Amino acid sequence: MHTTVGIIGAGPAGLLLARLLHRAGIDSVVLESRDRDYVEQRQRAGILEQATVDALRAAGAGGRLDAEGIPHDGIELRHGGRATRIDFPGLTGGRRVWVYAQTEVVKDLVALQLAEGGPLHFEAEVTAVHGADTDRPTIRYTHQGRERILSCDYVVGCDGFHGVTRQAVPAAERRTHERVYPYSWLGILADAPPVYDELIYAHSERGFALASMRSPSVSRLYLQVPNGTDPADWPDERIWDELDARLALRDTAGARLHRGPVTQKSVLPMRSSVTEPMRWGRVFLAGDAAHIVPPTGAKGLNLAAADVIVLARAFAHHRATGSTELLDAYSDTCLRRVWRAEHFSYFMTTTLHTDPGQSGFETRLQLSQLDRIADSRHAATELAENYTGLPLDPV
Ligand code: APR
Ligand code: PHB
């Protein structure tokens, strides 16, 4: 079997790439190790930048997003019992973000690809990629109990942080830069209306908390917890009480979250990691396969989308002109944005969380930085520009 672009992984990166290539008339095959249900139910963040929304629309996946996605024009930061609204359009010349869950993005893209795209095989586990530096790289995988080989013009590893494609880049040429944080997030989904119509990011003496949402009747909430925390140690009432304590404001001490049945509970570790280069020969890495960020800046999905937008454009340029110029520039083009997002995610994470070994001095620095964002239009603009994302050229 042969295809132009062999795509490993059907997360948002692999699926969006397959859709953008289909639109450009370039054939691809997507191989995904998990089953459809697993891929569609996996809980991740749900904030989409303008460029991600534009790409989903261009890929034909804008229908439900436009009907059900909730545009957000700001976030609220809380620290020291004080609330600060960051006004995105006012600070960035009109940019905003959308709340639309990654599970829904994935469902929309899977449905489209199965209806009118190239092959998308679930339960097809890739074991190795060979020949990155040849004209015919191959993907070895198992599907329906049989070993198979897919020969490709190009291979794109969209196989996430634990994927195998990275290994196609020779170890001597591959560099991974990484930071592991000394805390995790306990996340819940609850059938309860959000307490506020925007997201709330809270610094508190008790640790970080985030109030997000999935819809007008479903809340998504997070608490900073120690690494290794067992969700079973956090009964629902304890979570609600802790969220209320961390989100408390000086002036409205009585305001409380709306409580409701908790339908999902899990602990997420926090890590920053970048693998360079993002291309070796005819093998490309995109999304979490190349880089991950802690979720505090809501950048993971948007970075994955930005990679495949750049890559789809490079493939289309190659198809139209025969030039490999944009394919050759892929790694450098993406890494500029990746490192900006890595810095922003690190900044949001380390400014809002309390490190277990943190001194009073370090806490005062955090509070001073948060005061600065609250009091200075320049500092707030810096946050708003990063949060809403660097603009990409239109697709
Ligand atoms: N063979 C086939 N598929 C694989 C293999 C393999 N050996 N290894 C991993 N996969 C699949 C995974 O099952 C998963 O469905 O690759 C897919 C990778 O998807 P994601 O982890 O969602 O990564 P990506 O598409 O880059 O999306 C990034 O996910 O982690 C979040 O915050 C991050 O929102 C961001 C998004
Ligand atoms: C989420 O809704 O899951 C979410 C929102 C913002 C973040 C992280 C997660 O920064």
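Just above sits the structure.
Because the structure is a prediction, the values reported are computed rather than measured.

Turning next to the overall build of the chain. A tally of regular secondary structure across the chain gives 11 helices and 19 strands. Expected size for 395 residues packed as a compact globule is a radius of gyration near 21 Å; at 21 Å, the chain falls within 12% of this value. In the chain, which comprises 395 residues, the proportion classed as buried is 54%. A fraction of 71% describes how many contacts in the chain between residues 6 or more apart in sequence connect residues 24 or more apart. Entry remark: accessible area of the chain is about 16,600 Å², with carbon and sulfur atoms responsible for 49%. A gap of 1 Å separates the mean positions of the 43 positive and 50 negative side-chain charges of the chain.

Right, let's get into the site of ligand 1. Close contacts around ligand 1 come from 25 residues, with E32, R42, R44, Q102 and D288 the closest. A13 is positioned with one of its backbone polar atoms (N or O) 2.9 Å from an oxygen atom of ligand 1. Separating a nitrogen atom of ligand 1 from a backbone N or O atom of V126 is a distance of 3.0 Å. Protein chains bury 89% of the 720 Å² of accessible surface belonging to ligand 1 in isolation. Those elements giving two or more residues to the shell around ligand 1 turn out to be α1 (12-23), β9 (124-130) and α8 (300-321). Taken together, the residues of the shell around ligand 1 break down into 10 nonpolar, eight polar and seven charged.

Take the site of ligand 2 next. In the vicinity of ligand 2, 14 residues are found, and the nearest of them are Y201, S212, R214, Y222 and P295. With respect to ligand 2, the backbone of P295 contributes an N or O atom lying 2.8 Å from an oxygen atom. Taking T296, its main chain carries an N or O atom lying 3.2 Å from an oxygen atom of ligand 2. Protein chains shield 99% of the accessible area of ligand 2, which is 280 Å² for the free molecule.

Turning next to the packing of helix α10 (residues 360-375) against helix α11 (residues 377-388). At a closest axis distance of 5 Å, the pairing of α10 and α11 adopts a crossing angle of 100°. Taken together, the axes of α10 and α11 are roughly perpendicular relative to one another. Counting all contacts with α10, which are made through R372, I373 and D375, the residues of α11 involved are R377, A379, A380 and L383. Grouping the constituent residues of the contact of α10 with α11 by class yields four nonpolar, no polar and three charged.

On to the pattern of salt bridges. The full count for this structure, using the stated rule, is 27 salt bridges. Note that E237 and R259 form a salt bridge whose closest N and O atoms lie 2.9 Å from each other. Taken together, the residues span a long stretch of sequence, with E237 in helix α7 (residues 236-247) and R259 in the loop between α7 and β16 (262-276) at a distance of 22 residues. A relative accessible area of 48% means that E237 is categorised as partly exposed. R259 gets classed as partly exposed once you look at its relative accessible area, which sits at 35%.

Within the largest apolar cluster, 56 residues are counted, with the highest numbers of intra-cluster contacts made by L16, L17, L48, V156 and F315. Those residues within four positions of L17 in sequence are excluded, and the remaining contacts are I7, V156, C158, V308, L311 and A312. Grouped together as the second largest cluster of nonpolar side chains are 29 residues, L91, L199, F344 and L352 included.

Any covalent bond linking the sulfur atoms of two cysteines counts as a disulfide. Summed over all chains, the structure comprises zero disulfides. Left unpaired, C152 is separated from the closest cysteine sulfur, that of C158, by 12 Å. The structure places no disulfide on C334, whose sulfur is separated from the nearest cysteine sulfur, that of C158, by 11 Å.

Basis of the calculations
Residues numbered from 1 in each chain as written. Chains lettered and ligands numbered in written order. Predicted model: local features only at pLDDT ≥ 70, side-chain atom pairs only at ≥ 80, totals over all residues. Heavy atoms only, no water. Helix = DSSP H or I, 4+ residues; strand = E, 2+ residues; numbered from the N terminus. Rg over C-alpha atoms; globule rule 2.2 N^0.38 Å. Buried < 20%, exposed > 50% of the residue type's maximum accessible area, 1.4 Å probe, protein only. Contact = heavy atoms within 4.5 Å. Areas by Shrake-Rupley, 256 points an atom, 1.4 Å probe, with all protein chains shown as cover. Lys, Arg positive; Asp, Glu negative; His and termini not counted. Charge placed at Lys NZ, Arg CZ, Asp CG, Glu CD. Near = heavy atom within 4 Å. Polar contact = N/O pair within 3.5 Å; in protein donor to acceptor, adjacent residues only side chain to side chain. Nonpolar A, V, L, I, M, F, W, Y, C, P; charged D, E, K, R; others polar. Axes fitted to C-alpha atoms, helices over the stretch in contact; angles between N-to-C directions. Parallel < 35°, antiparallel > 145°, perpendicular 65-115°, else oblique. Salt bridge = Lys/Arg side-chain N within 4 Å of Asp/Glu carboxyl O. Core = buried A, V, L, I, M, F, W, Y, C linked by side-chain atoms within 4.5 Å. Disulfide = S-S within 2.5 Å.

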